[in-house]
Amino acid sequence: MTTNDKRYEMALLADAAYADLDWQVGQEIGGVTLRTLLTDGDDPRLTVAEANILVRNYTVVAECHSTLTGFDAPVFRDNRVAAGQPGRYVMAIQGSKDLVQDWFVADGLLTLVGEAIPQVASLRAFMAQLTTPSSQGGYGLLGLGDLIDVTGHPLGGHLVHSLASQYQGRVNQAYTFNGANNKIEALFLALRAGTAVLTGQETPYYPANVTNTIAEPGLEVVPGIATGLRIGDVVLHFIEDQT
């Protein structure tokens, strides 16, 4: 798979996170059922052609839907990747959807203090579920040393930055698409980098496994400096001017 093909699939998965999947514990959603969930309803997320790309390669195996914080993130299994290999699972984090929990609370905190604190807490709890064995009440998807991919936009991109920064030993590749930045995590990375310099250790300022795709032209509001410093590399994609 080419780099562009990979980014395209990650963009589709980031959009698929907005679909109402209604996943239940122990359930796997794929095939015709997944395509229907992604393309039907009052607000279909993907075209049939786009959904078919995901249906051919992915199955939903877990989801967190927090009614308390608004955090929502399905986990897809990439059926082309062998068990235990990096990127077998992809967490797609939903962006702003709910008017109160997302737009007012999460986005407001992101702007004012630099982090969507309640949803970051839900993200951490979900990671704990994914890494806890099923015999102990978790989902048991990620064993010791297993690495997950993660994707999201715009609020979802902010949460991708949180995951990539806080779980560097668990993230294989991270992708954001016009994602909001993360003031808090960028500050911590800078402090860690400064400490490494003072102590003679070698620590990268930005994680090398984070790719931020920014669409041009247009005014950068969400992925701009207002939401903090950007973590990771930037790929600029030209889009046709809609004005």
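Just so it is clear, the model here is predicted, and its values are computed rather than measured.

How each quantity is defined
- Each chain carries its own residue numbering, running from 1 in the written order of its sequence.
- At least 70 in pLDDT is required for a residue's local features to be given in this predicted model, at least 80 for side-chain atom pairs to be given and counted, and no such filter applies to totals for whole chains, interfaces and linings, which use all residues.
- With hydrogens and water set aside, each side-chain value is computed from the structure's full complement of heavy atoms.
- By the criteria applied, helices consist of DSSP H or I runs no shorter than four residues and strands consist of E runs no shorter than two, each listed in order from the N terminus.
- Buried, partly exposed and exposed residues are distinguished by accessible area as a fraction of the type maximum, computed with a 1.4 Å probe on protein chains only: under 20%, between the cut-offs, and over 50%, respectively.
- Only heavy atoms matter for contacts: two residues are in contact if any of them lie within 4.5 Å across the pair.
- Residues belong to one nonpolar core when they are buried, are Ala, Val, Leu, Ile, Met, Phe, Trp, Tyr or Cys, and are joined through side-chain atoms within 4.5 Å.
- Only rings of Phe, Tyr and Trp enter the pairing, Trp through its six-membered ring, and a pair is recorded when the two centres are within 6.5 Å. The plane angle decides the type: under 30 degrees is stacked, over 60 is edge-to-face, the rest tilted.
- Patch membership requires over 30% relative accessible area and the absence of a salt bridge. Like charges are linked within 9 Å, and nonpolar side chains (Val, Leu, Ile, Met, Phe, Trp, Tyr) within 5 Å.
- Note on areas: Shrake-Rupley, 1.4 Å probe, and residue coverage restricted to the protein chains presented here.
- Only one rule defines a salt bridge in this text: a Lys or Arg side-chain nitrogen within 4 Å of an Asp or Glu carboxyl oxygen.

Thoughts on unusual backbone geometry
Line of reasoning, step 1. Even without glycine at this site, Asp22 takes up a positive phi of about 50°.
Line of reasoning, step 2. Here Asp22 is to be found in the loop between helix H1 (3-16) and helix H2 (31-39).
Line of reasoning, step 3. Residue Asp22 is classed as exposed on the basis of its relative accessible area, which comes to 59%.

Let's talk about the environment of Val75
Line of reasoning, step 1. For Val75, the position within the fold is in strand S2 (residues 72-78).
Line of reasoning, step 2. Residue Val75 is classed as buried on the basis of its relative accessible area, which comes to 1%.
Line of reasoning, step 3. Through-space distance from the C-alpha of Val75 to that of Ala92 is 6.3 Å; in sequence the pair is 17 residues apart.
Line of reasoning, step 4. Setting aside chain neighbours within four positions, we find Val75 in contact with Thr59, Val60, Val61, Ala62, Tyr89, Val90, Met91, Phe126, Leu130 and Leu141.

Notes on the nonpolar core
Line of reasoning, step 1. In this structure, Val75, Met91, Ile93, Phe126 and Leu130 are the most contacted members of the largest nonpolar core, which totals 54 residues.
Line of reasoning, step 2. Once residues within four sequence positions are removed from consideration, Phe126 is found in contact with Ala62, Glu63, Cys64, Phe71, Ala73, Val75, Met91 and Tyr139.

Things to note about the packing of aromatic side chains
The description of two aromatic rings rests on the distance between their centres and on the angle between their planes.
Line of reasoning, step 1. For the structure shown, the criterion picks out four aromatic pairs.
Line of reasoning, step 2. The structure contains a cluster of three or more aromatic residues connected by ring pairs, namely Trp23, Phe71, Phe126 and Tyr139.

Focus on a nonpolar patch on the surface
Line of reasoning, step 1. Together, Val100, Phe104 and Val105 give the surface a local cluster of nonpolar side chains, amounting to about 290 Å² of exposed area.
Line of reasoning, step 2. Mapped onto the elements of the fold, Phe104 is located in helix H4 (residues 99-113).
Line of reasoning, step 3. The exposure class of Phe104 is exposed, given its relative accessible area of 57%.

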